[in-house]
Each structure stands twice: as structure tokens, then as C-alpha cells.
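Commentary on secondary and tertiary structure
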Amino acid sequence: MQGIDISRSFYEEYGKPMIENEFSEYAHRIAVGLVGHGSECFGFDDEVSRDHDFEPGFCIWLTDEDERIFGFRLFRAYSKLPTEYMGISVRQKSMLGSESKGVMTVSDFYKRYTGRGGAPERDMDWLYIPSHYLAEATNGEVFCDPLGEFSRIREKIKNGMPEDVRLKKIASCALYMAQTGQYNYRRCLLHGESGAARLALADFARNAVEMIFLLNRAHMPYYKWSFRAMSGLDILGDKANNLNHLVNISPDRASDIENEIESISASVIEELKRQSLSTVNSDYLEGHAFAINSLIRNSEIRNMHIML
């Protein structure tokens, strides 16, 4: 059973009765679910995941006002729930682990990811908040949200990226893909810089993955889950296999690597044209990058250096 299913079951068996019996007057104001940091929030957990920061539990989100009124009592009640469920208990806390479950305010939860108590407001905030933060703020599942406040912010973060910001990010990815994979990978090899060539290849792959998430209007998660999450995307999700293969091709098969780079780039260019983001007639992504950048209406963002 996946961690999110365990969390939902734990809530139904223990959390929901606790809220209904001890906080019935506030039950219509309490949001519950499992969202945030951790492989279980993405549905990617397995036995390996359970060696640290894995425990039965769920998140409870309150407004700031409600937290002042009954938050401490709810915190005390939550802390009395069983610490072991379905044979699972806290095994080990990593140094970078965080208190990702339990009682918290809606504003504190989102502040972890956006730097404010809700969704980003300014274009520049959208531009510079790392994609994996936005992915963690919108993953998982909301079990109940009678007020709708948590879900309102969640929806805005998930689908509210301004188009100018998306275009800038796409243009940046396109130029990085051109520079690292289509141009500098081979040049690094010709210079005898095999290590630099592998770095160029890795950077091409990372930008290709981010590009495909942006073409799907989705947020790319933390790098170790990016290929797996990408494989579930509707647009070019099947290229996750190609990119995974690319970074695993033996370095002595340079021609195979170059062919795969060009194949992936061609698929991206085809999709850019399908979305009417470029009409450039070239198999080199650099020209497409500048064409995409020219579509940006916000002059401040358009005139920034294209490579973010």
C-alpha cells in the first residue's frame, strides 16, 4: 500500500473520529490531507523510502484565526493518535527532514514553498521560485476542505503561472538545450574534455525534462523524481524513457548520444510549433528560443537575459 493510501486510511480510522468527537463545532473549518515534502506525497514511495521520514499521519490545515482559537488543543489531540499503524512507525529522522505532518496553518504551509502565505503574486516571484517547491505545494491529496481556502491557493499555484513566465522559462530551457546538448557536448569531446561533455549532457537532459513539464503546464518535481513524474505527462511524457536512456549511454558511444540529443530536440521543436510558440524553420533550438522570447508581453521579463 502506498503512503498516501496509508495516510488516508489512518485519517478515516483515527483522525476523522477525533475531529468529529472532540472538535465538532469546528469540523466545518478544518482541512485535511497529505501534501508536501516526501516521496509518499507524489505517490512514488517504496520500501527504500521507508528508511527515514516515513510515518503514519496526515496534515491538518487551519486558518490563522482558527489556529489561535483551537490550534493548540487540536495539536494536543493529534499528538495522542497512535504512533504506529499497519506495522509502520517512525524509523529514523533525516537531518533535512521536517515536520511535514500534523497541525499547521494554511499560511505557514504555503510559506515554506512560496515565501508568502499563499500563491505567488508577482511575475518575478513565479519566475524565480524553484519548480520543485511549486510541485511539492500542489502534490498529494486533499481529503477534505470544507472552507475551501487551502484548495483555492493550491489551485492557483497549480494552474496560475502567468503565460509570460512560462514563455520565459521555455525560452531559457530551449537555449540551454541548444547550447549544452546540440552544440557544446560534441565540442567538449573534441577538446578532450570528457568530464565537461558529461556535464553538458546532464544539463541538456535536465532542461529537456523541465521544458516538457512547462509544455504540459506542470511543475517539475525534485530531480530524483523528475523522470518518473514526466512519464505520466500527456505531452511528450514518453520521452522520459529516451532521456533516461540518453544519460545512461556509454560515453564511448558519442554518435549514439548525439543522435538521441537530436531526436529529443526534434520532438520538442515539433511540440513548440504545435503550441504556436515558434514558426522558425530550423532543427537547432537556439532560433526557437529567441522566437519564444519575442512573444513575451511583459517588457521587463522579455528584456531579461534569456538564460535564467
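Quick note: structure is the one above.
Each value, and the rule that gives it
Residues numbered from 1 in each chain as written. Predicted model: local features only at pLDDT ≥ 70, side-chain atom pairs only at ≥ 80, totals over all residues. Heavy atoms only, no water. Pairing = 2+ DSSP bridges. Helix = DSSP H or I, 4+ residues; strand = E, 2+ residues; numbered from the N terminus. Axes fitted to C-alpha atoms, helices over the stretch in contact; angles between N-to-C directions. Contact = heavy atoms within 4.5 Å. Buried < 20%, exposed > 50% of the residue type's maximum accessible area, 1.4 Å probe, protein only. Parallel < 35°, antiparallel > 145°, perpendicular 65-115°, else oblique. Left-handed = near helix turned anticlockwise from the far one by under 90°. Nonpolar A, V, L, I, M, F, W, Y, C, P; charged D, E, K, R; others polar.

This part takes up the sheet that holds strand E5 (residues 102-105). Taking strand neighbours across the sheet as the criterion, the four strands line up as E5-E2-E1-E6 in an open arrangement whose pairing is mixed. Strand pairing shows two members of the sheet lacking a second neighbour, E5 and strand E6 (141-144), which therefore form its edges. Across this sheet, the average inter-strand angle for adjacent strands is 35 degrees, counted without regard to direction. Across the sheet, helix H1 (residues 3-22) touches strand E1 (31-34) and E6, and the angle it forms with E6 is around 20 degrees. Each of strand E2 (59-62) and E5 touches helix H3 (residues 64-79); the most contacted strand, E2, lies at about 155 degrees to it.

Within the secondary structure, serine 226 sits in helix H10 (residues 226-230). Classification of serine 226 by relative accessible area gives buried; the value is 8%. Beyond its immediate stretch of four places on either side in the chain, serine 226 contacts Val209, Phe213, Met220 and Pro221.

Interaxial distance between helix H9 (residues 194-215) and helix H12 (residues 254-274) falls to 11 Å at its minimum, and their mutual angle equals 20 degrees. With respect to H12, the axis of H9 lies roughly parallel. Where H9 crosses over H12, the two elements pack in a sense that is left-handed. On H12, the residues touching Arg198, Leu201, Phe204, Ala208, Met211 and Leu215 of H9 are Ile257, Ile261, Ile264, Ser265, Val268, Glu271 and Leu272. Its residues assigned to classes, the contact of H9 with H12 comprises ten nonpolar, one polar and two charged.

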